[in-house]
Amino acid sequence: MTDGTKPSAPAVEARDISLRRGGRTIVAGVTFAVNPGDLYLLHGPNGSGKTTLLRALAGFSRPACGSLKRAVGRTILLGYADAVKAAFTAKENIDFWGALYGAAPATVERAISQLRIFPFLNQRTGTLSSGQRRRLALCRVVISRRPIWLLDEPTAGMDAASVATAVDLIAGHCRSGGSAVVATHEALPFAGARTITLADAA
Amino acid sequence: MKKMLAIFERDIALAFRAGGGAINSVVFLALTVLIFALAVGPDRARLAASAAPILWTAATLAAMLSFDSIFQADFEDGSLDVLAEATESLGFVAVSKAAAHWVSALLPLILATPPLAVLLGLPAAAYFPLVISLAVATPALSLLGVLASALALSLRRASILMTILTAPLLTPAVIFGVAAANAGAENSPLFGPLLMLLAAFTLLFLIAMPLAAGAALRFNID
Amino acid sequence: MAFDLANPQRFEKLAARLVPLLTIASGVTALFGLYMALFDSPADYQQGDSVRIMYVHVPAAWMALLCYSTMAIASAIGFIFKHPLADVAAKSAAPIGAAFTFLALVTGSLWGKPMWGTWWAWDARLTSVLILFFLYIGYIALWNAIDDKIRAARLAAIVCLVGFINIPIIKFSVDWWNSLHQPASVLRAGGPTIHGSMLTPLILMGAAYALGFAALLLVSMRGELAERRIARLEQAGRPPSKATVA
């Protein structure tokens, strides 16, 4: 999982960054580093800039000020949208991701079993429940084999069993040298997670 | 390259899975021809003389109508983020999408042209030049369509605006396309050079449009 | 942020001083130019007095291209250096350019009536100007269709630059298309072989148009900047959230 990363250098490091959207500064003064093994929970009310921050960490937008260092091609973002094609079966979606990320069949197999995709592997994803689709979306994160996971509400719409699966997966990833930043409204049972809380300055 | 191929294959599969898109374009093409014929009247000679121009016009319009679908679905379901992140180059994504658009949306239009030309009474010698001129020039339409569709993601009233933005840029393709079709039909020595001009135009778009579309996409997903 | 505000302020001061100067210069040049065009230059031996439409038409066509070039340069600067003043310049130049282009079309058509006996001929130049007019319309419509100013500026810059590299190709194709379908037209009789007594007023009128364009551009840029300041004040209500890492 940590192929090629120097253990000393943080793969993502934010120093006092501010993020703007639509002409307004949404978040200011964010400083933290993501080192291998780190797990951050990102909390904050709606509109406090969690998604904006995750997207900046993923490289989609540049901070208005401050410095953001990130290793190219090492982060993987799971947005609030599942990026799942409804006309495809779960397997077809997975096969496309495998080709896109150049993943070995073994990686794909493992992702399928870790996220318990088998029961609906050949079902069109348009007919899946939102929790099942979310698990499928997480499957892509595993298939990408990228070390730094940036997850925006990964457990949205999941039942208790699925939440447990997702939590195990993320915790396991961080134990084996990966890292994750998880934006969430839920109280997810992670041991030893650090938190980033976004709140109004006033 | 493998990633580009994967995106291309996925788009083709999606186009045929969703169905309807290409068929609708072909029906639109046929209806335009029908309306034109009704408007001109059943005079065989007049219809035959304007067969190549009207088919070119109808094909261009049908192509423009198909532009808005190129990125819309990927943008809405989050796939565009995935493509951007996985490839690190939206320009290459744009090339893949243009290629897939051409095969799934414009190739059917080109294939539908000869039967429609029969209805208009196009002379036998004119079929091959017409189809060839479309085949050489339409990739430029797909490439422009990719830019239009990339721009459209953050627009209100996107579809009419896309027509306004793209039509002026298509004028050279239409001018030289119809000229090539006519030159070929008349066995004129200009046929070859005109096809070369069309190919040059397409090549220019192959370089410029993915760059522009990639930049537009980056701003639209930031 | 400092960059974004300080520079426009200096621009404000400069513009406030330049606008009256440019307006007066434009007016005086136009007076001289018009006098020479209407009274002090010969009627054309073929076209008679209607040749005088040229003095409003040809500079308008020049301006159509000059405005678009201004937009393209401003767009490139805005796109590369992310300078908001360049974005504002590009946006403000567009309606002025569209107006000049429209003027060129209308005067061309008015000129065409006595010359060709029809209001419109698919003359190569007029056709190119018509296509240019649509490029302007598309550019302006794009600005109006996007709410986020920064995103609008970047996307409009892309459209402007793509249009700009296409203009020579469009011009070439229309010229070729026109020469294929009809012989050289009356409007093409102008050009570098024009007589000095006609050239001087033409250049004067061109200068008057260009000065007028500069004045209008500055006025319109100031308006746009003021609008943006208001928008910024309205938005300033909500402070950014702060991050606490634990």
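Before reading on, note that the structure itself is shown above.
The following refers to the structure shown. (Residues numbered from 1 in each chain as written. Chains lettered and ligands numbered in written order. Predicted model: local features only at pLDDT ≥ 70, side-chain atom pairs only at ≥ 80, totals over all residues.)

Turning our attention to the overall build of chain A. A tally of regular secondary structure across chain A gives five helices and eight strands. Secondary structure elements in chain A, listed N-terminal to C-terminal, are β-β-β-α-β-β-α-α-α-β-α-β-β. For 202 residues, the compact-globule estimate of 2.2 N^0.38 gives 17 Å, and chain A sits close to it at 17 Å. On the principal axes, the C-alpha backbone points of chain A span a range of 50 × 35 × 30 Å. Here chain A holds 202 residues, and the buried ones make up 45% of them. Residue pairs at least 24 apart in sequence account for 73% of intrachain contacts in chain A once pairs closer than 6 positions are excluded. (Helix = DSSP H or I, 4+ residues; strand = E, 2+ residues; numbered from the N terminus. Rg over C-alpha atoms; globule rule 2.2 N^0.38 Å. Buried ≥ 20, exposed ≤ 12 C-beta atoms within 10 Å, placed from the backbone. Contact = placed C-beta atoms within 7 Å.)

With that settled, consider the interface of chain B and chain C. Taken together, the 22 residues of chain B in the interface contact 22 residues of chain C. Elements supplying a minimum of two residues to the side of chain B that touches chain C: α8 (127–152), α9 (158–185) and α10 (191–221) of chain B.

Let's shift gears to the environment of A59 of chain B. Residue and element names in this part refer to chain B. Tracing the backbone shows A59 in helix α4 (residues 51–65). Separated by 30 residues in sequence, A59 and L29 have C-alpha atoms that sit 6.3 Å apart. With sequence-adjacent residues up to four places away left out, A59 is seen in contact with L29, L109, T113 and L134.

What follows deals with the environment of G47 of chain A. By the secondary structure assignment, G47 of chain A is in the loop between β3 (39–43) and α1 (50–57). Note: C-alpha distance between G47 of chain A and R15 of chain A (32 residues apart in sequence) is 22 Å.

We now examine unusual backbone geometry. Phi at E153 of chain A is positive, roughly 50°, even though this residue is not glycine. With respect to the helices and strands, the residue E153 of chain A is situated in the loop between β6 (148–152) and α5 (160–175). One non-glycine residue with positive phi stands out, namely N187 of chain B, at about 60°. On the secondary structure map, N187 of chain B appears in the loop between α9 and α10.

With 23 residues of chain A at the contact, the number on the chain C side is 13 residues. Within the residue set of the side of chain A that touches chain C, elements represented by two or more residues are β2 (24–34) and β8 (194–200) of chain A. It is β2 of chain A that contributes the most residues to the side of chain A that touches chain C, eight residues altogether. Per-class residue counts for the side of chain A that touches chain C are ten nonpolar, ten polar and three charged. Sheet topology places β8 of chain A next to strand β1 (residues 241–245) of chain C; five bridges connect them, and they run antiparallel. When the bridges of β1 of chain C are listed, D200 of chain A appears paired with S241 of chain C. (Nonpolar A, V, L, I, M, F, W, Y, C, P; charged D, E, K, R; others polar. Pairing = 2+ DSSP bridges.)

Here the focus is the packing of α8 of chain B against α9 of chain B. Two numbers describe a pair of packed helices, the interaxial angle and the distance between the axes. Residues and elements named next belong to chain B. α9 packs onto α8 with a crossing angle of 165° between their chain directions and a minimal axis gap of 9 Å. Taken together, α8 and α9 sit at an angle that is classed as roughly antiparallel. With respect to the hand of their crossing, α8 and α9 are arranged in right-handed fashion. (Axes fitted to C-alpha atoms, helices over the stretch in contact; angles between N-to-C directions. Parallel < 35°, antiparallel > 145°, perpendicular 65-115°, else oblique. Left-handed = near helix turned anticlockwise from the far one by under 90°.)

Residue and element names in this part refer to chain B. Relative to each other, helix α6 (residues 79–87) and helix α7 (residues 90–120) sit at 120°, their axes nearing to 8 Å. One way to sum up the angle between α6 and α7 is to call them oblique. Regarding α6 and α7, the two cross each other, and that crossing is right-handed. Each of L83, A84 and T87 in α6 lies in contact with α7, whose residues at this interface are L90, F92 and V93. Residues belonging to the contact of α6 with α7 are distributed by class as follows: five nonpolar, one polar and no charged.

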